[in-house]
Amino acid sequence: FSCTVSSGYVTPVYQWQQSFNGNTFSDILGENTTTLQAYYGANAAVGIYKYRLQVAEASNFASSQCRISSDPLTITIKSLPTATVSSNSTVCENARVILNAAGGINYEWQGPANFTSTSSQPIIQNVQMQNGGMYTVKVTGSNSCFVFGSTNVVVNPSPIATVSFAADTICVGSTISLTAGGGVNYEWFPATFLSTPQQQNTQATPLNDIIYNVNVANSFGCADTAVVNIKVIKKPVVNAGADITTIAGKTVQLAGSISGDVSSFVWSPINFMVNENTLTPLVNPPTDYEYVLTAFAPNNCGISTDTVQLKIFNGIFIPNAFSPNGDGKNDTWNIPILEAYPLHSLTIFNRYGQVVFQRNKTFTAWNGYFKGRLLPAGNYIYLIDLNNGTPILKGSFLMIK
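So, here is what we can say about the structure in this document.

Procedures and definitions
- Residues numbered from 1 in each chain as written.
- Predicted model: local features only at pLDDT ≥ 70, side-chain atom pairs only at ≥ 80, totals over all residues.
- Heavy atoms only, no water.
- Patch = residues over 30% accessible without salt bridge, like charges linked within 9 Å, V, L, I, M, F, W, Y side chains within 5 Å.
- Areas by Shrake-Rupley, 256 points an atom, 1.4 Å probe, with all protein chains shown as cover.
- Salt bridge = Lys/Arg side-chain N within 4 Å of Asp/Glu carboxyl O.
- Helix = DSSP H or I, 4+ residues; strand = E, 2+ residues; numbered from the N terminus.
- Phe/Tyr/Trp six-rings, centres within 6.5 Å; stacked < 30°, edge-to-face > 60°.
- Buried < 20%, exposed > 50% of the residue type's maximum accessible area, 1.4 Å probe, protein only.
- Lys NZ or Arg CZ within 6 Å of the ring centre and 35° of its normal.

## Describing a nonpolar patch on the surface
Line of reasoning, step 1. Side chains of V172, F193 and L207 sit close together on the surface and give an oily, nonpolar patch of about 230 Å² of accessible area.
Line of reasoning, step 2. Positionally, F193 belongs in the loop between β18 (185-189) and β19 (201-204).

Structure follows, in structure tokens:
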């Protein structure tokens, strides 16, 4: 502080005074010039301080009535904000850093890699090694006073996970070696079909297509993940179709099908066959015959086959008798060739004209029963409509007991 005193004094004496309540001033010992230096440390009391200079001739300075006082100078000491600063350090590379500051109304952050922010909780995504270091924040309170705080962020390096393998396609039942790298601790998941899921090297024998992940951690506990996608080739499922009953000279169509992994297929033999390169070729063998459908899996992973039987009849043979006595011989009355006529209908009458058996578009043989009871021996009449434009077949047969 400094004060200017007008001329007119012969031997002036100066005295600085201070007041802590604004009303009562007291002398400051040793402060007897026109300037004053006051120091306010970190522990200075919050409040209003006033200062003034008094002057008088040396001869009458002892009399307070003879002193002249300057206008007071006022100093206001405001409270500093109580700031708290922290972070979620230590973090791994490629993670995120969360900085925290509290205790003020305004925040000014500065940090490594030209970092700045005015948020109370700034977040640094995907941190790199250059983001590690000291972060300083200026915390300003509502009275415009401020303090500085800091927090040190440690960024540990993350590993780069790798996985190596001989091939990404295997045959079902085969084993593939998987080797991870980049860290000191390893964990494979899912652990299904793995020999050592918590080792760097493991053997996999999956039954289906599968994706394996390996979590690789380094000495800092930081981790990375590598992925391997394994395709498992299975033997195809082959169906040559249902067995067929037909009459000689009639062309029928096979109903082959294949599901699963397949690279190619072949019918054998190809005798009496048209369009053998399809799953549904046309065939017309002269006698009973069988065809084999063979499918090949990719990568030499297996062969599957299935056979379809063709029963060839030279005409419609209708049995003239049967004996439902349970001896295992001719226990039912049946006409197998009717399977070649899927739209046919069959009706059987007793001698009184009562319908005792009837079927439409099915191939159930008659066992001689009607309403749960075995009918008596004797003649029975049949009526067969092939539903193909040919005349209805009529006749009789004998039930023998």
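## What to know about the packing of aromatic side chains
Line of reasoning, step 1. This structure, assessed with the given rule, holds 16 aromatic pairs.
Line of reasoning, step 2. Note on W333 and Y382: the rings are 5.7 Å apart at their centroids and 35° apart in plane angle, and the pair reads as tilted. Highlighted residues: W333 in the loop between β31 (321-322) and β32 (345-349) and Y382 in strand β36 (residues 378-385), separated in sequence by 49 residues.
Line of reasoning, step 3. For W333, a relative accessible area of 1% puts it in the buried group.
Line of reasoning, step 4. What makes Y382 buried here is its relative accessible area of 9%.
Line of reasoning, step 5. Through a chain of ring-to-ring contacts, three or more aromatic side chains come together here, namely F322, W333, F357, W366, Y380, Y382 and F397.
Line of reasoning, step 6. Across from the ring centre of F61, 4.0 Å away, lies the NZ or CZ of R67, which sits over that ring.
Line of reasoning, step 7. Against the face of F146 rests K138, its NZ or CZ located 4.1 Å from the ring centre.

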